[in-house]
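The primary structure of each chain is shown beneath.
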Amino acid sequence: MKHLLVSGGCGFIGSNFVRHVLEYTDLSVTVLDKLTYAGRRENLHGLENHPRLEVVVGDIGNQELVNHLVARSGIDTIVNFAAETHVDQSILGPLVFTDTNVRGTHVLLEVAREHGLRFHHISTDEVYGHIPDGHQSVESDPLAPRSPYSASKAAADQLVQAYVITYGLAATITRGANNVGPYQFPEKAVPLFSTNALLGLPLPVYGDGLQMRDYAHVLDHCTGILTVLERGVTGEVYNVGTGREMTNLEMVDIVLETLGASRDLVRHVTDRPGHDRRYSMNVDKLRALGWEPRYDPRQAVAEAARWYAENRWWWEPIRAGNFQEYYARQYGKRLGNEAPESTQ
Ligand code: NAD
Ligand code: DAU
């Protein structure tokens, strides 16, 4: 493994992964990113002139482009982060999720097959669906997705596994828990709640807020992916998380406490349709490769909230732009229009 094609490398996890790989390995990286609303060049700031990094703007669904990138360089491995990733957006407009998450992944698999590349696919704990109390998902559990987003991710996982079986593709999959950390687009709960608290706006908690999530630090996800690339068995799936969950209300309390904001900002609003009540994964299979998470979930959420307090340069322009239309559509009625968006 010498040269990675990292699709979605300008997004939240992809950009943290690229930074980590350039700092701790000798690998070269070509990023392929469509720069959707969630993909941002500034997520890779400071790396503009890095001698082992190239950034190409384009769509993973463009087979000609992906073929060209692979044919003209020494790319030997594809790491696929590129996706539409927000559950609420998938409820508002699901078709693009199929275009990118299913068809786009399929195109990358075809190119990998044609050129004999190693393939690593980034998946999610959401493919297991709601997990009842007392159970932790293991990699062999059946997939039971319940949102258009998770259904598209499950379909992609199954395509990857079909390529392993049918064509002998050297592929692996990691299924990550809820990541938190720097550069996460503020549509997701932790950055939304952090930036709302910093703006003095209400925090819209869906339903009773007792849903359970494993809030894992993005750097633990990055080291998990690198571990699988270096030591994972091809054809296998590995869960990546901390194995410990908290309720959303506990997460909100950590955000408020870290930022010194009042609990009065919390609003219980209409729930997300089909909201999965609990995710929980067993991560022993990845541990057996020598990987350990370094952050506990409480520390991960607090560090993330602090990052948003210290990096207004990053999120204020986002929140002042097109994000406002999304915010009004998603939260206007839920919050009774009591909170016009503002960056003042
Ligand atoms: P993100 O939304 O922050 O970034 C996605 C990136 O993909 C963006 O840079 C976007 O421009 C790019 N992209 C979208 N469509 C594309 C296309 N057609 N061609 C090329 N690039 C395209 O997402 P994220 O949170 O960083 O998630 C990255 C991956 O990790 C996704 O596959 C997601 O399903 C998975 N995942 C995310 C989490 C999480 O908590 N955020 C947890 C587990 C797994
Ligand atoms: O579990 C992994 C998944 O984590 C990834 O596959 C997804 O790409 C990523 O978006 C994330 O999905 P969730 O739907 O769990 O994350 P989100 O940040 O949207 O929500 C976290 C929890 O907070 C969830 O229970 C819904 C709740 N929530 C979210 C928002 C945006 C609220 O209560 N209010 C909100 O406004």
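All values reported here derive from a predicted model rather than from experimental measurement. One numbering rule holds for all chains: residues counted from 1, following each sequence as written. All chains are assigned letters beginning with A, and all ligands numbers beginning with 1, in the order in which they are written. Predicted model: local features are reported for residues with pLDDT of at least 70 only, side-chain atom pairs are reported and counted for 80 or more only, and whole-chain, interface and lining totals are derived from all residues. Each side-chain value is worked out from all heavy atoms of the structure, with water and hydrogens disregarded.

**Details of the site of ligand 2**
We call a residue near a molecule or strand whenever a single non-hydrogen atom of that residue lies within 4 Å of it. For ligand 2, the set of nearby residues contains 27 residues, the closest of which are Asp 125, Tyr 149, Asn 178, Arg 272 and Tyr 331. The separation between a nitrogen atom of ligand 2 and a polar main-chain atom of Pro 204 is 2.8 Å. In this structure, an oxygen atom belonging to ligand 2 sits 2.6 Å away from a side-chain N or O atom of Arg 272. Residue-level accessible areas treat just the shown protein chains as cover; the underlying method is Shrake-Rupley with a 1.4 Å probe. If ligand 2 stood free it would expose 690 Å²; the protein chains cover 95% of that surface. Where the shell around ligand 2 is concerned, the elements lending two or more residues are α3 (87–92), α6 (189–199) and β8 (203–206). Ten residues, namely Ala, Val, Leu, Ile, Met, Phe, Trp, Tyr, Cys and Pro, are considered nonpolar, four, namely Asp, Glu, Lys and Arg, are considered charged, and the remaining ones, Gly among them, are considered polar. When its residues are assigned to classes, the shell around ligand 2 shows twelve nonpolar, eight polar and seven charged. Residue ranges for the domains originate in an automatic or database domain assignment. Mapped onto the domain boundaries, the shell around ligand 2 takes at least three residues apiece from domain 1 (3–181 + 215–240) and domain 2 (189–212 + 246–278 + 298–336). Polar contacts here mean pairs of N or O atoms no more than 3.5 Å apart (in protein, one a potential hydrogen donor and the other a potential acceptor; neighbouring residues in sequence count only if both atoms are side-chain atoms). The numbering of helices and of strands both runs from the N terminus, where a helix is a DSSP run of H or I of at least 4 residues and a strand a run of E of at least 2.

**Quick look at the sheet that holds strand β6 (residues 171–176)**
Read from one edge to the other, the open sheet built from seven strands follows the order β3-β2-β1-β4-β5-β6-β11, with strand pairing classed as parallel. Single-partner strands in this sheet number two, and they are β3 (53–57) and β11 (237–240). Neighbour to neighbour, the strand axes of the sheet diverge by 20 degrees on average, direction disregarded. Each pair of strands is called paired provided DSSP finds at least two bridges between the two strands. Two elements, strand β1 (residues 3–7) and strand β2 (residues 28–33), share five bridges in a ladder whose sense is parallel. Across the sheet, the residue bridging to Val 6 is Val 31, located in β2. Note on contacts: a residue pair qualifies if any of its non-hydrogen atoms lie within 4.5 Å across the two residues. What counts as an axis is a line fitted to C-alpha atoms, over the stretch in contact for a helix, and the angles between N-to-C directions run from 0 to 180 degrees. The sheet strands contacting helix α4 (residues 95–115) are β1, β4 (77–80) and β5 (118–124), and the helix crosses β5 at an angle near 160 degrees. Docked against the sheet, helix α7 (residues 218–231) engages β4, β5, β6 and β11, running at close to 145 degrees with respect to β5.

**What to know about the packing of aromatic side chains**
Each aromatic ring pair is described using two quantities: the centre-to-centre distance and the angle formed by the ring planes. Ring geometry is summarised as follows: Phe, Tyr and Trp rings, the Trp one being its six-membered ring, pair when their centres sit within 6.5 Å, and such pairs are stacked at plane angles under 30 degrees, edge-to-face over 60 and tilted between the two. Summed over the entire model, instances satisfying the criterion amount to 14 aromatic pairs. Ring plane angle 50 degrees and centroid distance 5.2 Å describe the contact between Phe 17 and Phe 81, whose orientation is recorded as tilted. Separated by 64 residues along the polypeptide, Phe 17 in helix α1 (residues 12–24) and Phe 81 in the loop between β4 and α3 bring together distant segments of the chain. Note on accessibility: Phe 17 and Phe 81 belong to one class, buried. Pairing Trp 307 with Trp 314 gives two aromatic rings, centres 5.6 Å apart and planes at 65 degrees, and the pair type is edge-to-face. One exposure class covers both Trp 307 and Trp 314, and it is buried. Cation over ring: Arg 113 sits above Tyr 167, and NZ or CZ is 4.1 Å from the ring centre. Should the NZ of a Lys or the CZ of an Arg lie within 6 Å of a ring centre and within 35 degrees of the ring normal, that charge is described as sitting over the ring. In this structure, Lys 285 packs its charged tip against the face of Tyr 238, placed 5.1 Å from the ring centre. The buried label applies to any residue whose accessible area, calculated with a 1.4 Å probe on protein chains only, is under 20% of its type's maximum; exposed applies above 50%, and partly exposed to all values in between.

**Some thoughts on the UniProt feature "domain: NAD(P)-binding" (unreviewed entry) in the protein chain**
UniProt positions are given in the numbering used here, feature names are shortened, and annotations may be inferred rather than shown by experiment. The positions that UniProt labels "domain: NAD(P)-binding" (unreviewed entry) are, in the present scheme, residues 5–303. Between the C-alpha atoms that bound residues 5–303 the distance is 29 Å, and the span itself is 39% helix and 18% strand.

**Re the environment of Phe 323**
Structurally, Phe 323 can be placed in helix α12 (residues 323–331). On the basis of relative accessibility, which here comes to 5%, the residue Phe 323 falls in the buried class. With 229 residues separating them in the primary sequence, Phe 323 and Pro 94 have C-alpha atoms 18 Å apart.

**Overview of the pairing of β11**
Burial along β11 is two-sided: Val 237 and Asn 239 facing one way and Tyr 238 and Val 240 facing the other are all buried. Note: β6 against β11, four bridges, orientation parallel. Of the residues in β11, the one forming a bridge with Gly 176 is Val 240.

**Considerations on unusual backbone geometry**
Unusually for a residue other than glycine, Leu 35 sits at a positive phi of about 50 degrees. The topology assignment puts Leu 35 in the loop between β2 and β3. Phi angles above zero are rare outside glycine, and Tyr 183 is one such case at about 70 degrees. Inspection of the secondary structure assignment puts Tyr 183 in the loop between β7 (178–180) and α6. Residue classification places Tyr 183 among the buried positions, given a relative accessible area of 8%.

**A closer look at the pairing of β8**
A two-sided burial pattern is seen for β8, the buried positions comprising Leu 203 and Val 205 on one face and Pro 204 and Tyr 206 on the other. Judged from the four bridges that link them, β8 and strand β13 (residues 266–269) form a sheet pairing that is parallel. Bridge pairing links Tyr 206 to Val 269 in β13.

**Some thoughts on the pattern of salt bridges**
Take a side-chain nitrogen of Lys or Arg and a carboxyl oxygen of Asp or Glu: if they are within 4 Å of each other, that pair is a salt bridge. Evaluated as defined, the whole model comprises 17 salt bridges. Two residues, Glu 230 and Arg 231, come together in a salt bridge whose shortest N-O distance is 4.0 Å. Given the relative accessible area of 43%, Arg 231 is considered partly exposed. Residue Glu 316 is joined to Arg 312 by a salt bridge in which the shortest nitrogen-to-oxygen separation is 2.7 Å. Pair noted here: Glu 316 and Arg 312 are both in helix α11 (residues 312–320), with a separation of four residues, about one helical turn. What you see here is one network of salt bridges that share partners, running through Asp 133, Glu 245 and Arg 278.

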